[in-house]
There are 2 protein chains.
Amino acid sequence: MGQNNYDVIGKSLPRLDGEEKVTGRARYVGDLKFQNMLVGKLLHSPHAHARILDIDTSEAEKLPGVKAVITHKDVPSTKYGQSPARWDETIFCIDKVRFYGDKVAAVAAVDEETAHEALKLIKVDYEVLPAVFDPFEALEEGAPQIFEEYPGNVNTEIHQHFGDVDKAFKEAYHVRTDHFYGQRTYHSPLEPHVAIAYWEGDKVTLYSSTQTVHYLQRHISNVFDMPMGNVRVLKTYVGGGFGGKVDATGLDFSAVALSKITGRPVKMFFDRKEMFYNNRGRHAQFMKLTTGVTKEGKILGVHADFVMDGGAYTGLGVASAYYAGALLTVLYDFDNYKFDMIRAVTNLPGSGAQRGHGQPQPRFAFESHLDHIAEDLGIDPIDIRLINAREPGTVTINDFKVDSYGLKEALEKAREISGWDDKKGKLPRGRGIGVGNGGFVSGAGYPCYRTDLPQAIAIIRVNEDGTNAILYTGSVEIGQGSDTVLCQMAAEAMGYRYEDMEIVAADTDLSTHDFGAYASRQTLMAGWAVKFAGEEIREKILKTAAEMMGYVPEQLDVRQGKVFLKAHPEESLTFAEVARTYFVKNGALIGRGSYTPPKLGGTFKGAAVGTSPAYSAATQIAEVEIDEETGEITVHEAWDVHDCGYVINPALLHGQVHGAFYMGMGESIWEEVLFDENGDVANGNLAEYRMPTALDMPPMASELVDTVDPNAPWGVKEVGEGATTPTMGCLANAIYDAMGVRIEGLPLTYEKVWRAMKEKREKEKEESKE
Amino acid sequence: MGQNNYDVIGKSLPRLDGEEKVTGRARYVGDLKFQNMLVGKLLHSPHAHARILDIDTSEAEKLPGVKAVITHKDVPSTKYGQSPARWDETIFCIDKVRFYGDKVAAVAAVDEETAHEALKLIKVDYEVLPAVFDPFEALEEGAPQIFEEYPGNVNTEIHQHFGDVDKAFKEAYHVRTDHFYGQRTYHSPLEPHVAIAYWEGDKVTLYSSTQTVHYLQRHISNVFDMPMGNVRVLKTYVGGGFGGKVDATGLDFSAVALSKITGRPVKMFFDRKEMFYNNRGRHAQFMKLTTGVTKEGKILGVHADFVMDGGAYTGLGVASAYYAGALLTVLYDFDNYKFDMIRAVTNLPGSGAQRGHGQPQPRFAFESHLDHIAEDLGIDPIDIRLINAREPGTVTINDFKVDSYGLKEALEKAREISGWDDKKGKLPRGRGIGVGNGGFVSGAGYPCYRTDLPQAIAIIRVNEDGTNAILYTGSVEIGQGSDTVLCQMAAEAMGYRYEDMEIVAADTDLSTHDFGAYASRQTLMAGWAVKFAGEEIREKILKTAAEMMGYVPEQLDVRQGKVFLKAHPEESLTFAEVARTYFVKNGALIGRGSYTPPKLGGTFKGAAVGTSPAYSAATQIAEVEIDEETGEITVHEAWDVHDCGYVINPALLHGQVHGAFYMGMGESIWEEVLFDENGDVANGNLAEYRMPTALDMPPMASELVDTVDPNAPWGVKEVGEGATTPTMGCLANAIYDAMGVRIEGLPLTYEKVWRAMKEKREKEKEESKE
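Not measured: the values here are computed from a predicted model.

Caption draft 1: Layout of the packing of helix H19 (residues 650-669) of chain A against helix H20 (residues 727-739) of chain A. Residue and element names in this part refer to chain A. Relative orientation of the contacting elements H19 and H20 amounts to 55°, with a least axis distance of 8 Å. Judged by the inter-axis angle, H19 sits oblique to H20. As for how H19 packs across H20, the hand of that crossing is right-handed. Together, Ala 660, Phe 661, Gly 664, Met 665, Glu 667, Ser 668 and Ile 669 of H19 and Thr 727, Met 728 and Leu 731 of H20 make up the contact between the two elements. Tallied by class, the residues present in the contact of H19 with H20 amount to 6 nonpolar, 3 polar and 1 charged.

Caption draft 2: Inspection of the sheet that holds strand S27 (residues 633-643) of chain A at higher detail. Residues and elements named next belong to chain A. Pairing within the open sheet is mixed, and its 4 strands lie in the order S18-S26-S27-S28. For this open sheet the edge positions go to strand S18 (431-438) and strand S28 (700-704), each flanked by a neighbour on one side alone. Along the sheet, successive strands turn relative to each other by an average axial angle of 15°, direction set aside. Relative to S27, strand S26 (residues 617-626) runs antiparallel, the two sharing 10 bridges. Bridge pairing in S27 links Glu 623 to Glu 637.

Caption draft 3: Summary view of the side chain of Thr 249 of chain A. Tracing the chain through its elements places Thr 249 of chain A in the loop between strand S11 (231-234) and helix H7 (250-262). Other than its neighbours up to four places away in sequence, Thr 249 of chain A contacts His 193 and Phe 270 of chain A.

Caption draft 4: Highlighting helix H12 (residues 381-388) of chain B. Residues and elements named next belong to chain B. Of all 8 residues making up H12, 6 are buried, and the element is well covered by its neighbours. Listed in full, the buried residues belonging to H12 are Pro 381, Ile 382, Ile 384, Arg 385, Leu 386 and Asn 388. For H12, the side-chain oxygen to backbone nitrogen distance between the N-cap and Ile 382 is 2.8 Å, and the N-cap itself is Asp 380.

Caption draft 5: Geometry of the relation of the copies chain A and chain B. Note on the identical chains: chain A maps onto chain B by a rotation of 180° and an axial translation of 0.0 Å, with an RMSD of 0.0 Å. In short, the pair behaves as if placed about a two-fold rotation axis. Looking at the rotation axis and the C-alpha trace of chain A, the residue lying nearest is Leu 510 of chain A, at 4.3 Å. A symmetric contact is evident, with 100% of the interface residues of chain A recurring at the interface of chain B.

Caption draft 6: Region of the structure containing helix H9 (residues 317-326) of chain A. Most of H9 of chain A sits inside the fold, with 10 of its 10 residues counted as buried. Looking at H9 of chain A, one finds that the buried residues are Gly 317, Val 318, Ala 319, Ser 320, Ala 321, Tyr 322, Tyr 323, Ala 324, Gly 325 and Ala 326 of chain A.

Caption draft 7: A look at the pattern of salt bridges. All names here are of chain A. This model, assessed by the stated rule, comprises 104 salt bridges over all chains. Across the pair Arg 429 and Glu 628 runs a salt bridge, and its minimum N-O distance is 2.6 Å. Here Arg 429, found in the loop between helix H14 (420-423) and S18, pairs with Glu 628, found in the loop between S26 and S27; they are 199 residues apart in sequence, far enough to count as distant. The class of Glu 628 is partly exposed, set by a relative accessible area of 29%. Members of the salt-bridge network, linked through shared partners, are Asp 7, Arg 538, Asp 557 and Arg 559.

Caption draft 8: Spotlight on the interface of chain A and chain B. Across the contact, 52 residues belong to chain A and 52 residues belong to chain B. When chain A packs against chain B, close to 4,000 Å² is buried across both sides, 48% of that on carbon and sulfur atoms. The interface formed by chain A and chain B holds 4 salt bridges in total. Across the salt bridge formed by Lys 203 of chain A and Glu 502 of chain B, the nearest N and O atoms sit 3.1 Å from each other. Put simply, the parts of the chain that give the side of chain A that touches chain B at least two residues each are helix H1 (18-22), helix H6 (213-223), strand S19 (456-462), strand S20 (469-473), strand S21 (501-505), helix H17 (575-586) and strand S25 (589-595) of chain A. Looking at the side of chain A that touches chain B, the element that brings in the most residues is H17 of chain A, giving 5 residues.

About the thresholds
Residues numbered from 1 in each chain as written. Chains lettered and ligands numbered in written order. Predicted model: local features only at pLDDT ≥ 70, side-chain atom pairs only at ≥ 80, totals over all residues. Heavy atoms only, no water. Axes fitted to C-alpha atoms, helices over the stretch in contact; angles between N-to-C directions. Helix = DSSP H or I, 4+ residues; strand = E, 2+ residues; numbered from the N terminus. Parallel < 35°, antiparallel > 145°, perpendicular 65-115°, else oblique. Left-handed = near helix turned anticlockwise from the far one by under 90°. Contact = heavy atoms within 4.5 Å. Nonpolar A, V, L, I, M, F, W, Y, C, P; charged D, E, K, R; others polar. Pairing = 2+ DSSP bridges. Buried < 20%, exposed > 50% of the residue type's maximum accessible area, 1.4 Å probe, protein only. Polar contact = N/O pair within 3.5 Å; in protein donor to acceptor, adjacent residues only side chain to side chain. Least-squares fit on C-alpha atoms with pLDDT ≥ 70 in both. Salt bridge = Lys/Arg side-chain N within 4 Å of Asp/Glu carboxyl O. Buried area = accessible area lost by both parts, 1.4 Å probe.

Put into structure tokens, the structure is as follows:
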């Protein structure tokens, strides 16, 4: 379908928030000031595992300027979390601390300096316990037990078997097993978490840099045992989320508690080190993959056997564990699949969701593994992927319904634009090219609470002279551009001008219910609600115009604020004129939209997590250069071809692809959260946690495959996360192509490449001697 | 109808804004700060009437810290005003200035001091013209002409004749003529006007201390030639309006213009003296009344012959002129009425609407006049009022339909509770008792623009777990309590709890259309819209609950958040449970309400202004004491009996009555805006403009007459303005009762009483000599 059928969507219109952000006028939560506002800070545990014997806050309370010092004794002990069966966290630790940085107490004081002073005066008597930092050690008999509710430190255990993998392996021409490792990473949003809470009467208002105001509202109302209506959660601008701002943080709960006790607004914020304690990034993951193929490379069966290091607490970790295995079935079509996963708890900070949620590492593993298999069989890497790529209109072995799917087209286009056939195996020594595939869901079928609720609600209201309209939505702009995209969709559905749209989003009081920004759900799910709301207004406008002009609505069309006779477009009225007439006759001109996904996919446990109305697909190809002296990896050029369905705003779309590749590249080559012997984060700052800069970014082509998913408004699909998933495998494969060395553990690092080359040289030397 | 049939209305529930205001947390527009905000100030004319020959802003522009200096050359010259045919004002004076204080230029600077400095550097070359400060002089031939469009300085001329007054006078037993004068007064709100404007792209946001955001939006959009959708007008808290914040001020336009030019937010505010220039208070009014009565005191005909001093510019002055005469027919039922009015323009600041809008002075005149007639006939003042008081279900001679009307009951109750029969004419020398009647409209039938629009729109949205609901309304809380009252109405209509209501009001972007706070319209008009919106939600809740419980909706009731079987109330669901179910099935739970008054009253010009769905009535009685040495007037005690229909919040209602009496008392005895020989305000500060304090306020009883108006939601009527209208006459009559002196010109003042007593003594002495 051509993009030209539409007036407002399919166009790179300027971001709603662009000018405010570029000129520095945009106010983030941290920029807000309230009268009499206090500053709160958290006291973090200095041990990875210890029993709390006593907490003495008396000295801290005496410090002038300190308005409250609180511990678990002063706040509700109700547990919270995301997955309903794994609520294992309290506002402050009660019996013991479980990681270096765990939340022990909080203070509110007149300024930040005083708050820090007060933290130093809190005396905590700990009985240090043996700690465990490795998931395999944690799973051994006799290991320290971290939670009573997780015997043997097993937080989540998954064993799924579809078809008959053993039989498939027996029938296979070739069966291969490889081991991979994905490291622990951290999102590094520009804006660290900030929360400001203030109570008025029995109601609390919480400004938070969150990805989901409605989840957070629900957590606060649940822990503090209040009706949701007494909790208002809202945000201003959010400086990046990437999955780390889905979980409620200690700031949110502590700020609410401190404000309740002091009767004053309380602002709390994490410094960068605290972000590493609390901002739950990607799990470390050990991945064993066994695959059986025919001689021609057709996959017959796959066994994924994974162990994840959950760190302390669960948060979104159960979902991470399911995602890791569930989505492996989507890209390549095979009939036999076994997935084993243990998510162990350890005495490290908890892990959670990070862009691609559970997926990028298994994709790294599988795309590396598949290249080995291709090499074993003498098949070109792109060919083996084409042989196995899923067709649209199919259902995965684990019951995911995949209606539109452009993976083959993506592979072919990427092959073409990258010049693959002229480069693969033909580049000079030190240069290599690699391919990786990926993709993601466009929203998850089941939210973490009230699974009966619609996923998204939207209301649009046109003002009384028809010259502007407000879209009310609970969806959350976190920098990705959702406010802009939803306003484009609203204008398109209404037949209105984008310039005349305004938005009230992500305020649990003012806007409507929506689960928020996670699982790449908003363009599709909030999009449906917005489309329905816009269409209701369009219908009312056409009906009113028909009465005014003496026609039937079917004879009319409305586009970009103009209602006209299809047969004679010069016979027209402005949308505003018609809206005014509607207003006089009927009062407020509003449209309502609500979206509940159809029952999707399988009923077994785990389908719930992965099931989506639509799936994206992506191929990435990259060319790298390796310095043989140092192992330095330079990414020379990259190509991404994405099937993300119909594109509402191409500029924003390509921005997402570039950002996703950038993030995936950082995780591929440099980024890793490291710990010292006490379990404290060793590189918890942006100097030592090595993220790429703009200078590391290669020239990149972002191209599209044109599909229109029938389950999505205008056929849209996700883009925010899927483009992160092919990168790691793509770069590992390119390094292999360049130097013949396979790095199986992320990050690939210059050192690992240098060591692998050295080992390879020595081995070759050894072999040449024999 | 008993107040007990309702759960939420009829109760003195706490104000929504009470805690914020009492604790000082409430933020008024003047409390707001924006980044890079400039301060703007206006340059006022130092002449009452002068031609502008040249304006030189060059020196002012050079002053460091000055960001813009603007005159009429820099802004649109589109005229604005309220009455469509009388738009006579521009942002800045173009050809000439018309009063001392007229708007000549404005500056924006980094701070207030610099702005004031810059004003001094603007050089204006004036040719001083003869000025006229008296309306009769202005109407004389050869008087200076102030506006080209008002030849002879006649701004508005009204001549209406219903029935045959001359015939009535011929048939009358007694015909009497009296002359009265009402002085110019000023509202003195606690909060002077403030406006903050800031532009973003092609849109401007204007925070203003306004009584009507939608009028102001319309003025700005019209003058700056922009779609209304590009103008957002909103307020925070407003510290009193009393009619003075209906007109757009120079601040509003200048702030918008200065922000457009500087690209920065601009805050502007009036000091108290500037408020006297710009805050259009009550007109000075010369009133000649002639009335013919039967021997028994029945009024046969009335001729009201009035002249008003409009000052410069019209604003709401045409409405003031019509109100002065139109509503004289409502209280007393007579068949012949003639009303002549000339509103002259003079070189004084413009006059406009002040609590009771045009009415209090004519009521002062008529109630004084009626007491003279009663004395002439030997009838008790209350008796003559009872003889003439209108019955409910009648239509006035000028075609106002008066359905509920409790004036007789008010008179009787006031007579009883004040002990009138034991006091009238029987109090010791120096003490006196007087009576006055009054009343007002409950909204005017026709707004100043888009008369085809509904008067009020409301939307109510319940959140997804049913525990709070937001009322969106364009009505304007200015301290009178409308937010509270409308939330009570919403909760009552929905069957919900007041505590769970929240409100988004008076923001042209976020809330719904409503003409705002004037003409005592909101409780009735916004109330209807709110009631309809609430009832739509109630209906949806009952339908959903019926499905859940297995009944039909008619078997169920919903009250205070509980849905129950009428026959067995213990069989119940919570509103929240039902709302959650509705949400799952249908999405957003919202209700819409819209109110357009039925075609009311007559079609002649003037009926438009006065016509209302319902009319209040009030009787006030007061006891005063006069110091014979000094003329000092002490109000000892007061009684008010008000027919304001059904009462939503008694505490707020009685607060309005006390406030209205207080304000009426101030205007009766002390307050008057004075001018020096140049036409400059001579007492433009709160030390010399003598308002009463709490110490001047007598003990006061506020009682009610129980009526239920069929044209109003739950039978409500106005209270905010009506209770101001009887006070002046009541106090004048009490003074007459005390000392036998009639003060015919307001304010009554100690000096006038002293002089009148002296004159009376001398005359009596003279007579006793003869």
